[in-house]
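Residue-level structure breakdown
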Amino acid sequence: MSESRKAVIDVRGLVKVYPGGTRAVDGIDFTVQEGEFFGFLGPNGAGKSTALKVLSTLLKKTSGQVSVAGYSVDHQAEQIRRTVGVAMQTAGLDDLAKAHDFLTLQGRLYGLRSSDARARSMELLEFIGLANVAQKKIGTFSGGMRRRLDLVATLVHQPKVLFLDEPTTGLDPQSRNALWDHLRQLNSEEGVTIILTTQMMDEADRLCERLAIIDHGKIVAEGSPRSLKEQVGGDVVTITIADTDTTDEQEQLIVRAQEIADGQAYVSATTPVQDGLAVTVANGGAAVPELLRLFSNSDIPVSNLSISSPTLDDVFLQHTGRTIRDEETGGDEMNNQFRPFLGLSDGR
């Protein structure tokens, strides 16, 4: 990251407490540099969407200091809104409008002259690869086309900062890759500072220059994807203990396996996972035969074993004791917080 870049977002001690007392964001600090591609990675309910809504002035914070592009979210929300673009999880589109007309209207709402708004609309449709359907109604678009149109609708006024809340959720792989390409182009060629939330490790790994991994409202790790994975160290050997007669018996076997693994000099970390154990070692290929021998001698039945290089999920596991993939999906954390008040399950 270039030392010459200045901070476009500065957050100190941000707290957001929802009705009922849930601390969705619990005292986080971070900065985002001008021109940076920054990501919040974490499971549902972690606090990432809430943080993004506070930054984009869509939600009032409980306490803390937050500035965006030099403006305070407390006193200069209007200036922030003219500086940023925001695309939330649900696309805000008019199905009855034609794509070109929809973007033109967005431009007019931001104060552009009619001719400038129409020109900007076509420019954005060309950029996102939808110029050929400019005169078609949005209601006929596929999910991927709708998401791309929703993205460029946030760019009509040429914002310096772009907030994206899980931008590729629900898209097929081809549409996801196409949107990733557009986001990279916006960041690298147009210089737009991008802050996104995601629970997809590959998205965070491929797009983000720097990440904040967030869980239960707290940032548990921060850095580039590469540096975060290097902190895990070595290879991760995931061992599944064979099913036993009772859950207690299997849990006891996992505890014994962890005690054995922890006693080996080549093991740097162990973490219980579902039905087994994740063991971090310097050299997976060399460690596996020895681990299997030790477990066999101790009558610990192993039903499956895999070796992998560290991933961002391993980083999350190291800091929280569980994986992002263990979490259920079911909407952002603000919506989940209000579900009990509507008599609905929280989806957990």
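This structure is a prediction, so every number in the text was calculated from the model and none was measured.

Our focus in this paragraph is the pattern of salt bridges. Taken as a whole and judged by the stated rule, the model has 18 salt bridges. The shortest N-O distance in the salt bridge between D150 and R147 comes to 3.0 Å. Residue D150 and its partner R147 are both found in helix α5 (residues 143-153); the two are separated by three residues, about one turn of the helix. R147 matches D150 in its accessibility class, with the two residues each being buried. Among the ionic pairs, R184 bridges to D181, the shortest N-O distance being 2.9 Å. Taken as a pair, R184 and D181 lie in helix α6 (residues 173-188) at a separation of three residues, close to a single helical turn.

Before going further, it helps to spend a moment on unusual backbone geometry. One non-glycine residue with positive phi stands out, namely H216, at about 50 degrees. Checked against the element boundaries, H216 lands in the loop between β9 (210-215) and β10 (218-223). Even without being a glycine, D275 presents a positive backbone phi close to 65 degrees. Locating D275 in the fold gives a position in the loop between β12 (267-273) and β13 (276-281).

What follows covers α6. The first and last C-alpha atoms of α6 sit 22 Å apart over 16 residues, in line with the 22 Å expected at 1.5 Å per residue. For α6, the set of buried residues is S175, R176, L179, W180, H182, L183, L186 and N187. One side of α6 holds all its buried residues, which, seen down the axis, span an arc of 165 degrees. Summarising the geometry of α6, the exposed residues directed more than 90 degrees from the buried face are P173, Q174 and S188. As for α6, its buried residues are in contact with β3 (37-41), α4 (114-128), α5, β7 (161-165), β8 (193-198) and α7 (201-207). The opening residue of α6, the one whose side-chain oxygen lies 3.1 Å from the backbone nitrogen of Q174, is D172.

The rules behind each value
The residue count restarts for each chain, going from 1 along the sequence in the order it is written. It should be noted that, the model being predicted, local features are given only for residues of pLDDT at least 70 and side-chain atom pairs only at 80 or more, the latter also being counted only at that level, while totals for whole chains, interfaces and linings use all residues. Hydrogens and water are ignored here; the side-chain numbers use all heavy atoms of the structure. Salt bridges are counted wherever a side-chain nitrogen of Lys or Arg sits within 4 Å of a carboxyl oxygen of Asp or Glu. Only runs of H or I of at least four residues qualify as helices and only runs of E of at least two qualify as strands under DSSP, and these elements are numbered from the N terminus. Note on exposure labels: buried denotes an accessible area under 20% of the residue type's maximum, exposed denotes more than 50%, and partly exposed covers the range between, all computed with a 1.4 Å probe on protein chains only. Residue count minus one, scaled by 1.5 Å, sets the expected span of a helix. Read the arc as the range of directions from the helix axis to the C-beta atoms. Residue contacts are counted whenever heavy atoms from the two residues lie within 4.5 Å of one another. Any pair of N or O atoms that falls within 3.5 Å is considered a polar contact. Within protein, one atom must be able to donate a hydrogen and the other to accept it, and sequence-neighbouring residues count only if both atoms are side-chain atoms.

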